[in-house]
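Survey of secondary and tertiary structure
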Amino acid sequence: MTETITIEVPRRAIGSDLTEALAAYGLHAEIVHGDEACELRVAWVEDERERLIAGAVHAIEAYLSDRMLPLVVQRANGGAAVRPPAD
């Protein structure tokens, strides 16, 4: 069985945004219940490749940010590519 955690969130709109933000880190989140406030159920994505890509993209973005390099990371061809930002 996959290990999961629950995160309480004060507003559903924040919960929706967090599901997308957590995906960037190789996590799968879903809103479990709630009207105004909600709970997220969070687990690692099952696809190891997705976890690997998410971790690599995050590390590259941190590297680029720390060095203030004018480049972006994009998912491409089942992996990632570092490129100048589009105009």
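Here is a short report on the structure shown in this document. (Residues numbered from 1 in each chain as written. Predicted model: local features only at pLDDT ≥ 70, side-chain atom pairs only at ≥ 80, totals over all residues. Heavy atoms only, no water.)

Brief notes about helix α1 (residues 12-23)
Along an α-helix, residues three or four positions apart point the same way, because every turn accommodates 3.6 residues. Along its 12 residues, α1 runs 17 Å from first to last C-alpha, staying within 8% of the 16 Å computed at 1.5 Å per residue. Every buried residue belonging to α1 is among Gly 15, Thr 19 and Leu 22, and all of these are buried. Buried residues of α1, seen end-on, are gathered within an arc of 80° and therefore sit on one face of the element. Exposed residues lying more than 90 degrees from the buried face of α1 are Ala 13, Asp 17 and Glu 20. (Helix = DSSP H or I, 4+ residues; strand = E, 2+ residues; numbered from the N terminus. Expected span 1.5 Å × (residues − 1). Buried < 20%, exposed > 50% of the residue type's maximum accessible area, 1.4 Å probe, protein only. Arc of directions from axis to C-beta.)

Topic: the sheet that holds strand β3 (residues 38-44)
With respect to topology, 3 strands assemble into an open sheet ordered β1-β3-β2, the strand pairing being antiparallel. The sheet terminates laterally at β1 (5-9) and β2 (27-33), the two strands that pair on one side only. Between one strand axis and the next, the sheet turns by 30° as a mean value, whatever way the strands run. (Pairing = 2+ DSSP bridges. Axes fitted to C-alpha atoms, helices over the stretch in contact; angles between N-to-C directions.)

Description of helix α2 (residues 48-66)
For α2, with 19 residues, the first-to-last C-alpha span of 27 Å sits near the 27 Å given by 1.5 Å per residue. Looking at the packing, one finds that the buried side of α2 touches α1, β4 (72-76) and β5 (79-83). The N-terminus of α2 is capped by Asp 47, whose side-chain oxygen sits 3.0 Å from the backbone nitrogen of Arg 49. One or two positions beyond α2, positive phi appears at Met 68, with a value near 50°. (Contact = heavy atoms within 4.5 Å. Polar contact = N/O pair within 3.5 Å; in protein donor to acceptor, adjacent residues only side chain to side chain.)

Describing the pattern of salt bridges
All chains considered together, the criterion is met by 1 salt bridge. When the shortest N-O distance is used, the salt bridge between Glu 50 and Arg 75 registers 2.8 Å. Residue Glu 50 is found in helix α2, and its partner Arg 75 is found in strand β4; the two are separated by 25 residues along the sequence. Since its relative accessible area comes to 31%, Glu 50 is described here as partly exposed. (Salt bridge = Lys/Arg side-chain N within 4 Å of Asp/Glu carboxyl O.)

Observations regarding the environment of Ala 43
Mapped onto the elements, Ala 43 comes out in strand β3. Other than its neighbours up to four places away in sequence, Ala 43 contacts Thr 2, Glu 3, Thr 4, Leu 27 and His 28.

Examining the pairing of β3
Across 5 bridges, β1 lies against β3 in antiparallel orientation. Directly across from Val 9, in β3, lies its bridge partner Cys 38. Bridge analysis of β2 against β3 gives 6 bridges, and the strand direction is antiparallel. Across the sheet, His 33 pairs through a bridge with Glu 39, a residue of β3. Where β2 folds back onto β3 in an antiparallel hairpin, the turn is made up of 4 residues, including Gly 34, whose phi is positive at roughly 135°.

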